[in-house]
Amino acid sequence: MSTEGLSIPGISMSSSAAGAARRARRASLTGVFAVFRKPLVATIAVEAVVVLLAVLDVWLVVPPKAQPYSLYLSADALFIMGVNAASNAPRMLTALAEAHRRGAQIVHINPLVEAGATRTIIPHDFARMATFRATPTSTLNLQPRIGGDLAFIRGMAKALLEMAETDPAAIDSDFLETYTSGVEKYRVVCETTSWADLERQSGLSEAEIRAAAKIYRDADRSVISWCLGVTQHEHGVDTVREIVNLLLLRGNIGRPGTGPSPVRGHSNVQGNRTCGIDHRPAPEFLDKLARVCGIDPPRHHGLDTVGTIEAMHRGDVRVFVGMGGNFALAAPDTPYTFAALRKCELTVQVSTKLNRSHLEHGKQALILPCLGRTEKDFQTAGLQSTSVEDAMSMVHLSTGMKKPASPHLLSEPAIIAGMASATLPGSATPWADYVGDYDRIRDTMARVLDGFEDFNTRVREPLGFRIHQAARERVFHTPSERAEFSTADLPDVVPAAGTLALGTMRSHDQWNTTIYSDDDRYRGIKNLRTLVFLNAEDMRDRGLGEFDEVDITATAKDGTTRSVRRYRAIPYDIPRGCAAGYMPEMNVLCAIGDYSTQSDQPLMKHLKVTVERSA
């Protein structure tokens, strides 16, 4: 139910913001006024790409939007890993179809062969749409086991280096000599990794891996894209680094139609790191923020999603303010997350729609309805526009066109500024000026953020402006000033006997935690969400038939178990030893302590489970 115009009887929106601030003061939470306390819950999806490539000293920076889809059109080969484009990145389908038409090779690597990895009908191609003529979106589909992506990429690198023994052009020696460090160590790692190990860990045959490597070798320009199917694993960061290794071998960095391409779509994710929303901000950023804004920002690290939930349980976090999103259902270990929110003294949700997070709340709770981005936002200086960053690294203005659902709705900046003014009455920060004219916010951003100089002018250009990325220019901010090869160990991802590796995903009729219907049209599912997709042979081994009721039990790192019961078993084209089911229902299976030691990212795509017939 849409609640963009929801009002709270007896409470004006302005007094709600002030009341939230007063309650926060009374809660006396150390650090509650800290700017960098907690990142958005949406960053669960990007930790392995954005933060960790820097924190773990991965010396090639790959921001979470490094490759615009338009560059797909100049690539000779596209490798799409761990993403269901039809549901998660529909704009990609047009680029894939157009790439296929001009003869590009398109390889999809995913445990499930999704509809978008085969063909599509492009909505703006009216003739084909009217005649139901689909355009292919792939030339090869490969189905690795869950978690087998690193082994697959290393296998491609191994095959490429073997080719180079008789075909020197298989690798770009000039690029490697000029721009990289550590290639010889990486060569040894590839040589000493056996094909038997690569086949076992990837779940693919040597012939399949070599076929992909041949496509990569024959292409002058290649792009490798990936999404959560690659990152939400214990070794997610190592896999991203392995992808970069492969790109470096052929100089597929810093040329048109080449490069790494993490698939991200949320505007609230795209821009937050760029603008400093980070629980581990760089000292240089804090120094500049302090100098420009005349404040003393906190220097200690804040908390990520998992750390926040644990701190709520300890009583260290007593106030939670959510800006949009659905924290309660997006986070792992659902009952544990619910209990954490209930321990808070105060929870505040700034939202356009009701969701479960409004029901799982603290001892005191406020719901502050706000303007949606599609609604007109009038402030003192007139109609306002919000600057947004899109999936193509472009920053532009977004202006609402609809009449607000209620005249009492405030904008998100107005709510935050109102809370700040009530909480910090002596603050020298010009909160009222910022709310009256968003250009004043952008003026400050231009002085704090590198690459945002002359922000208000550039953001009003017809297409906005693209954020500068040094790696695109083959400039690497590393101690060696070169892109450095990774030599990570090959992880063991083969499930133990009797267990399966389960990955959570969303249906087509779903957007994040918002479920529009119980159908999943592209996977042939009608009116059912409590299900588990299984390999037909794995079902036979367990004596299961289609739609049989099963109990699914996950075993956490600490040995504890979590279960969902009476789910329906669905045979599906998925590798042996693998299973899949829907989030947020299956988030309950991911223990709060089951997160990557590399990225602190919950292991939503790699749960160790058993599946048994229900009693």
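Scoring rules and cut-offs
Residues numbered from 1 in each chain as written. Predicted model: local features only at pLDDT ≥ 70, side-chain atom pairs only at ≥ 80, totals over all residues. Heavy atoms only, no water. Salt bridge = Lys/Arg side-chain N within 4 Å of Asp/Glu carboxyl O. Helix = DSSP H or I, 4+ residues; strand = E, 2+ residues; numbered from the N terminus. Buried < 20%, exposed > 50% of the residue type's maximum accessible area, 1.4 Å probe, protein only. Core = buried A, V, L, I, M, F, W, Y, C linked by side-chain atoms within 4.5 Å. Contact = heavy atoms within 4.5 Å. Pairing = 2+ DSSP bridges. Axes fitted to C-alpha atoms, helices over the stretch in contact; angles between N-to-C directions. Parallel < 35°, antiparallel > 145°, perpendicular 65-115°, else oblique. Left-handed = near helix turned anticlockwise from the far one by under 90°. Nonpolar A, V, L, I, M, F, W, Y, C, P; charged D, E, K, R; others polar. 1 Å grid on protein atoms, 1.4 Å probe; cavity = no way out; pocket = protein on both sides within 12 Å on 5 of 7 lines; lining within 4 Å. Points joined across faces, edges and corners; volume = space filled by probe spheres on them. pLDDT = per-residue confidence, 0-100. Polar contact = N/O pair within 3.5 Å; in protein donor to acceptor, adjacent residues only side chain to side chain. Lys, Arg positive; Asp, Glu negative; His and termini not counted.

S.K.: Help me understand the pattern of salt bridges in this model?
M.R.: Note on pairing: side chains with opposite charge can pair once their charged atoms come close. Counted under the stated rule, the structure contains 34 salt bridges. A salt bridge links D439 to R460; the nearest nitrogen and oxygen atoms lie 3.0 Å apart. You can see D439 sitting in helix α20 (residues 438–448) and its partner R460 sitting in the loop between α21 (455–458) and β16 (465–466), a full 21 residues away along the chain. Residue class for R460 comes out partly exposed when judged on its relative accessible area of 44%. E585 is the partner of R529 in a salt bridge, and the nearest nitrogen-oxygen pair spans 2.6 Å. Placement of R529 in the loop between β20 (514–515) and β21 (531–534) and of E585 in the loop between β24 (578–582) and β25 (607–613) is noted, with a sequence separation of 56 residues between them. What makes R529 buried here is its relative accessible area of 6%. For E585, a relative accessible area of 24% puts it in the partly exposed group. Linked through salt bridges whose partners overlap, the residues forming this network are D76, D220, R221 and R255.

S.K.: Help me out: how do you make sense of the nonpolar core in this one?
M.R.: If you look at soluble globular proteins, the nonpolar side chains tend to sit buried side by side. In terms of nonpolar packing, the biggest core is built from 46 residues, with F79, M81, F152, M156, I243, L246 and L249 touching the most fellow members. Looking at which element gives the most residues to this core, the answer is helix α6 (residues 149–164), with 9 residues. With sequence-adjacent residues up to four places away left out, F79 is seen in contact with V107, I109, M156, A212, I215, Y216, S222, V223, I224 and S225. The next biggest cluster of nonpolar side chains, apart from the first, holds 21 residues, and it includes M539, V588, C590 and L607.

S.K.: Please explain the pairing of β25 as it appears in this structure.
M.R.: The side chains of a regular strand alternate, first on one face of the sheet and then on the other. With 3 bridges connecting them, strand β18 (residues 500–505) and β25 associate as antiparallel partners. Bridge pairing links A501 to K608 in β25. Sheet analysis places strand β22 (residues 549–555) next to β25, joined by 5 bridges and oriented antiparallel. Along β25, the bridge assignment pairs D551 with E612.

S.K.: When you look at the packing of α6 against helix α12 (residues 236–249) in this model, what are you seeing that I'm missing?
M.R.: Any two packed helices are characterised by how steeply their axes cross, that is the angle between the axes, and by the distance between the axes. Where α6 contacts α12, the axes come no closer than 9 Å and their chain directions differ by 20°. Accordingly, the angle class assigned to the pair α6 and α12 is roughly parallel. Read as a crossing pair, α6 and α12 show a hand that is left-handed. Contacts from D149, L150, I153, R154, M156, A157, L160 and L161 in α6 reach D238, T239, E242, I243, L246 and L249 in α12. Class assignment for the residues of the contact of α6 with α12 results in 9 nonpolar, 1 polar and 4 charged.

S.K.: Which parts of the structure should I look at to understand empty space enclosed by the protein?
M.R.: Unoccupied space between atoms shows up once a probe the size of one water molecule is rolled over them. Evaluated as defined, the whole model comprises 4 cavities of 30 Å³ or more. Considered as a void within the structure, the largest cavity measures approximately 90 Å³ in volume. Forming the boundary of the largest cavity are 17 residues, of which V83, H108, N110, L112 and A117 lie nearest the centre. For the lining of the largest cavity, the secondary structure elements donating two or more residues are β1 (77–81), α3 (85–88), β2 (105–109) and β5 (140–142).

S.K.: Sorry, what's going on with the confidence of the model for the protein here?
M.R.: Caution applies to low-pLDDT parts of the model: their predicted coordinates are not meant to be read in detail. Mean pLDDT over the protein: 87, with 85% of residues reaching 70 or higher. Contacts for the low-pLDDT stretch residues 1–18, under 50 throughout, to residues beyond four places or in other chains number 35 contacts. Scored below 50 in pLDDT, residues 24–43 shows 58 contacts in the model against residues more than four places distant or in partner chains.

S.K.: I would appreciate a short explanation of α20 in the present structure.
M.R.: Residue pairs spaced three or four apart in an α-helix point in one direction, given the helix's 3.6 residues per turn. Buried within α20 we find Y438, D439, R442, T444, M445, A446 and V448. The N-terminus of α20 is capped by D437, whose side-chain oxygen sits 3.0 Å from the backbone nitrogen of D439.

S.K.: Looking at this structure, I do not really get the environment of F465. What am I missing?
M.R.: By the element assignment, F465 lies in strand β16. When its relative accessible area of 5% is taken as the criterion, F465 is described as buried. Between the alpha carbons of F465 and G451 there is a distance of 10.0 Å; along the sequence they are 14 residues apart. Excluding its chain neighbours within four sequence positions, the residues that come into contact with F465 are S393, M394, V395, G451, F452, F455, R458 and V459.

S.K.: Please explain the side chain of D238 as it appears in this structure.
M.R.: When you line up the elements, D238 lands in helix α12. Here D238 occupies a buried position and makes no salt bridge, while the nearest side chain of opposite charge, R241, is found at 4.8 Å. A polar side-chain atom of D238 sits 2.6 Å from a polar atom in the side chain of Q598. In this view, D238 contacts L150, A488 and Q598; residues no more than four positions away in its chain are not counted.

S.K.: It is not clear to me how the sheet that holds strand β9 (residues 319–323) should be interpreted in this structure. Could you clarify?
M.R.: One key point about sheets: their strands pair by backbone hydrogen bonds, in either a parallel or an antiparallel sense. As summarised here, the arrangement of the 3 strands in space is β9-β10-β11, forming an open sheet in which the pairing is parallel. The open sheet has two edge strands, β9 and β11 (364–369), and neither has a second partner. Strand-to-strand, the axes of this sheet are offset by a mean angle of 10°, without reference to chain direction. When β9 meets strand β10 (residues 346–351), the two strands line up parallel, connected through 5 bridges. Residue pairing across strands places M323 opposite V350, the latter belonging to β10. Relative to the sheet, helix α18 (residues 412–423) contacts β9, β10 and β11, its axis offset from that of β9 by approximately 160°.

S.K.: What's the story with the pairing of β2 in this structure? I'm lost.
M.R.: The buried fraction of β2 is high, at 4 of 5 residues. Here β1 pairs with β2 via 5 bridges, running parallel. Across the sheet, the residue bridging to A77 is Q105, located in β2. Of the pairings in the sheet, the one linking β2 to β5 comprises 3 bridges and is parallel in character. Its bridge partner lying in β5, I109 is registered against L142.

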